[in-house]
Amino acid sequence: MDSFDPGKVAVRSGHFIGGKHIEEGTQKLQVVRPSDGIAYASIPVASAEMTDRIIENAWTAWRASGWGQSAPRDRASVLRRFADLVAADVETLAPLEALGSTRPIREAAAWDVPFTAEGIRFYAEFADKIGGDVAATDHDHLGMTIAEPYGVVGAIAPWNFPLVMASWKLAPALAAGNAVVLKPSEATPFSVLRLAELAVEAGVPPGVFNVIQGDGHTTGDALVRHPHISKVTFTGSTRTGAAIMAACAQSGTKPVTLELGGKSPQVVFADAPRLDDVARRIATGVAGNAGQVCVAGSRLLVERSIADDLAGRIARILGERKAGATWSRDTTLSPIISAAQAARIESIVQRTVAGGATVLCGGCRAEGEAGGAFYSPTILCNVNEQSEAVREEVFGPVLTLQTFDTEDEALALAQHADYGLAAGVHTADLGRAMRFVRAIEAGTVWVNRYGRTSDFMIPTGGYKRSGVGKDLGRQAYEANLRFKSVLIDIRS
Ligand code: NAD
């Protein structure tokens, strides 16, 4: 699938509660298409009282359904069916995802939807793999830990990959036997409603997977504070993550997984093999989804002797990107999520240039679909650690370039004062690559590549202010379980 007519995509609004679409909520929020700035639908905002009621209902539904006590193989088979339905629904889900987000239709169809389905399938297979442990006790006792679900998990998702980010939350939670109340971003609230419909069709009991609509301050805050939410899982900005952690502490010291922002370095040594490939990886790492990626490799650190050569190659590749609507066949540069975010990118670049940076390419808005906001892939040189574009997460296609002469200097530049989400190192020297892997403070390090593969076993998560805990991997599954210790006296 490589294009669609935006006027022909049917959008269901509202919440999805107890297996049904519900429109309740007096206040409405308009939802704007980033591709052309048109307000194409609205969502009801769940008030704090309504949110409380929805969570009470989810708790009751979870207990009544027996989902948490069901045979793990049965849960696995329901979730495998759910994955199959998602994969088969690509013709509906991909346009729905692309319509109101920054995801071009080709990518939504070829990656977001299949990757969502595979993530659900991956966690389905965990359902009967981790039940607890028998402890090494003396022979007069039998000690064990029993894995149990929390109950109702509160999940809050960002707008940059609406389906994929939501699936990383809901799939391990459901597989572990929990119910989920998911609040998508108010900017991209619709595609997960289709996901919830498919979950019920697959056999997830009504009320076990719910979608609640609203803004962060009203609905999101009430969600994380409710006493029946026993665990919170969040992906979004570092600032919101800190607010949610505080709310979790104030409302019952509940565990929280936080996947937050980043300012990830890509370090290129002069011996890096195949410089054209390196240039392409770096270009994709900063311009994919127009840089609106948590792990965007937005800080290029390059050995001085190859800096001009590499920068020229990256600039040429970035120049090939074509801005346009997410429903157009030719689009390779996504729209920016909102006019306000485009203005923020613009002002960070302007202030960085006013501070002495030079623009190698881009540095301005790009022409795309009328009404949408687009930003040209940009390389900023003559920057240092104090430059705003080096310090701050821009969340746009903006790459800063700094040079180094020694390995120590490269490492010192690569460490960021606040963030530690991901890092890339490109070199032919394995020892040097491994020294970098050991020394860099980052939750993920890619060597001679940049970006994740479809290997769900590799968890993702940040060091420092980039997060707490992991999505994906065994870790994300275990984070949706609590472990009960049992000690039995078996003396005769
Ligand atoms: P955001 O923090 O503005 O919003 C994320 C979600 O939190 C939204 O659903 C929002 O409604 C909700 N929210 C806002 N305030 C809240 C509050 N007080 N209580 C509860 N919920 C609240 O983030 P965003 O702009 O949607 O997403 C972009 C950010 O997400 C970037 O910083 C990016 O790096 C980060 N991100 C991180 C990862 C990762 O895996 N580390 C992945 C994707 C995005």
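Residues numbered from 1 in each chain as written. Predicted model: local features only at pLDDT ≥ 70, side-chain atom pairs only at ≥ 80, totals over all residues. Heavy atoms only, no water.

Considerations on the overall build of the protein chain
- When its secondary structure is counted, the protein chain shows 15 helices and 22 strands.
- Taking 23 Å as the expected radius of gyration for a compact globule of 492 residues, we find that the protein chain reaches 23 Å, a close match to that expectation.
- Considered along the principal axes of its C-alpha atoms, the protein chain spans approximately 75 × 60 × 40 Å.
- When burial is assessed residue by residue, the protein chain has 56% of its 492 residues classed as buried.
- Counting only contacts in the protein chain whose residues sit at least 6 apart along the sequence, the fraction spanning at least 24 positions is 74%.
- Of the roughly 19300 Å² of accessible surface on the protein chain, a fraction of 52% belongs to carbon and sulfur atoms. (Helix = DSSP H or I, 4+ residues; strand = E, 2+ residues; numbered from the N terminus. Rg over C-alpha atoms; globule rule 2.2 N^0.38 Å. Buried < 20%, exposed > 50% of the residue type's maximum accessible area, 1.4 Å probe, protein only. Contact = heavy atoms within 4.5 Å. Areas by Shrake-Rupley, 256 points an atom, 1.4 Å probe, with all protein chains shown as cover.)

Let's talk about the sheet that holds strand β15 (residues 378-381)
- Taken together, seven strands build an open sheet; the order of strands is β14-β15-β16-β13-β12-β18-β19 and the sheet is mixed. The open sheet is flanked by β14 (358-361) and β19 (444-447), the only strands paired with a single partner. Shown here is a sheet whose adjacent strand axes are inclined to one another by a mean of 25°, direction ignored.
- Pairing between β14 and β15: three bridges, direction antiparallel. By the bridge assignment for β15, Thr-358 is matched with Cys-381.
- Contacts between helix α11 (residues 339-354) and the sheet are confined to β14, β15 and β16 (398-404), with β15 contributing the most and set at about 25° to the helix. (Pairing = 2+ DSSP bridges. Axes fitted to C-alpha atoms, helices over the stretch in contact; angles between N-to-C directions.)

Observations regarding the nonpolar core
- Counting residues in hydrophobic clusters, the biggest one holds 96 residues, and the most contacted among them are Phe-82, Leu-182 and Phe-209.
- Both domains that meet at this core, namely domain 1 (6-260 + 467-485) and domain 2 (265-464), each give it at least three residues.
- Once residues within four sequence positions are removed from consideration, Phe-209 is found in contact with Phe-16, Phe-82, Leu-170, Leu-174, Val-180, Leu-182, Leu-195, Ala-196, Ala-199 and Val-204.
- If you look at the next biggest cluster of nonpolar residues, it comprises 24 residues, including Ala-283, Ala-287, Leu-300 and Ile-306. (Core = buried A, V, L, I, M, F, W, Y, C linked by side-chain atoms within 4.5 Å. Domains from an automatic or database assignment.)

With respect to the pattern of salt bridges
- Taken as a whole and assessed by the stated rule, the structure comprises 31 salt bridges.
- Residues joined by salt bridges that share partners form a network here, namely Arg-73, Arg-80, Glu-125, Asp-128 and Lys-129. (Salt bridge = Lys/Arg side-chain N within 4 Å of Asp/Glu carboxyl O.)

Brief notes about the domain arrangement of the protein chain
- By domain assignment, the protein chain separates into domain 1 (6-260 + 467-485) and domain 2 (265-464).
- One C-alpha centre belongs to domain 1, the other to domain 2; they are set 30 Å apart.
- Listed as interface residues are 36 residues of domain 1 and, on the opposing side, 36 residues of domain 2.
- In total, about 2900 Å² of surface goes out of reach between domain 1 and domain 2, with carbon and sulfur atoms giving 61% of it.
- In terms of surface lost to domain 2, no three residues of domain 1 exceed Ser-35, Thr-102 and Trp-159, which account for 19% of the buried area on that side. (Buried area = accessible area lost by both parts, 1.4 Å probe.)

With respect to the environment of Arg-465
- Structurally, the position occupied by Arg-465 is in the loop between β20 (463-464) and β21 (467-468).
- Using a relative accessible area of 46% as the deciding quantity, one classes Arg-465 as partly exposed.
- Each C-alpha atom of the pair Arg-465 and Gly-262 lies 8.2 Å from the other, and the pair is 203 residues apart in sequence.
- When residues no more than four places from it in sequence are discounted, the contact partners of Arg-465 are Thr-238, Leu-260, Asp-418 and Tyr-419.

Considering the side chain of Asp-89
- Structurally, the position occupied by Asp-89 is in the loop between α2 (72-88) and α3 (90-100).
- Excluding residues within four positions of it along the chain, Asp-89 makes contact with Arg-194 and Leu-198.

Concerning the site of the ligand
- The environment of the ligand is made up of 26 residues, and the closest members are Glu-186, Ser-237, Thr-240, Leu-260 and Glu-393.
- At 2.8 Å from an oxygen atom of the ligand is found a side-chain nitrogen or oxygen belonging to Trp-159.
- With respect to the ligand, the side chain of Glu-393 contributes an N or O atom lying 2.6 Å from an oxygen atom.
- Put simply, the parts of the chain that give the shell around the ligand at least two residues each are α7 (216-225), β10 (229-235) and α8 (238-250).
- A per-element tally of the shell around the ligand places α7 first, with three residues.
- Class assignment for the residues of the shell around the ligand results in 12 nonpolar, nine polar and five charged.
- Residues from two domains meet in the shell around the ligand; each of domain 1 (6-260 + 467-485) and domain 2 (265-464) gives at least three. (Near = heavy atom within 4 Å. Polar contact = N/O pair within 3.5 Å; in protein donor to acceptor, adjacent residues only side chain to side chain. Nonpolar A, V, L, I, M, F, W, Y, C, P; charged D, E, K, R; others polar.)

What to know about the packing of aromatic side chains
- Applying the stated criterion across every chain, the model contains 15 aromatic pairs.
- Aromatic pair Phe-122 and Tyr-123: ring centres 4.8 Å apart, planes at 85°, arrangement edge-to-face. Accessibility classification places Phe-122 together with Tyr-123 in one group, the buried group.
- Considering the side-chain rings of Trp-159 and Phe-395, the 5.5 Å spacing of their centres and the 85° angle between planes classify their relative orientation as edge-to-face. Of this pair, Trp-159 sits in the loop between β7 (152-156) and α5 (162-175) while Phe-395 sits in the loop between α12 (388-391) and β16, placing them 236 residues apart in sequence.
- Accessibility expressed as a relative area gives 18% for Trp-159, which makes it buried. (Phe/Tyr/Trp six-rings, centres within 6.5 Å; stacked < 30°, edge-to-face > 60°.)

Quick word on the pairing of strand β18 (residues 422-426)
- Burial analysis of β18 places five of its five residues in the buried class, the great majority of the element.
- Burial along β18 is two-sided: Ala-422, Gly-424 and His-426 and Ala-423 and Val-425, pointing in opposite directions, are all buried.
- The pairing of strand β12 (residues 265-268) with β18 spans three bridges and is parallel. Paired with Val-267 across the bridge in β18 is Val-425.
- Handedness of the β-α-β unit built from β18, helix α14 (residues 430-439) and β19 comes out right-handed. (Right-handed = clockwise from strand over helix to strand, strands pointing away.)

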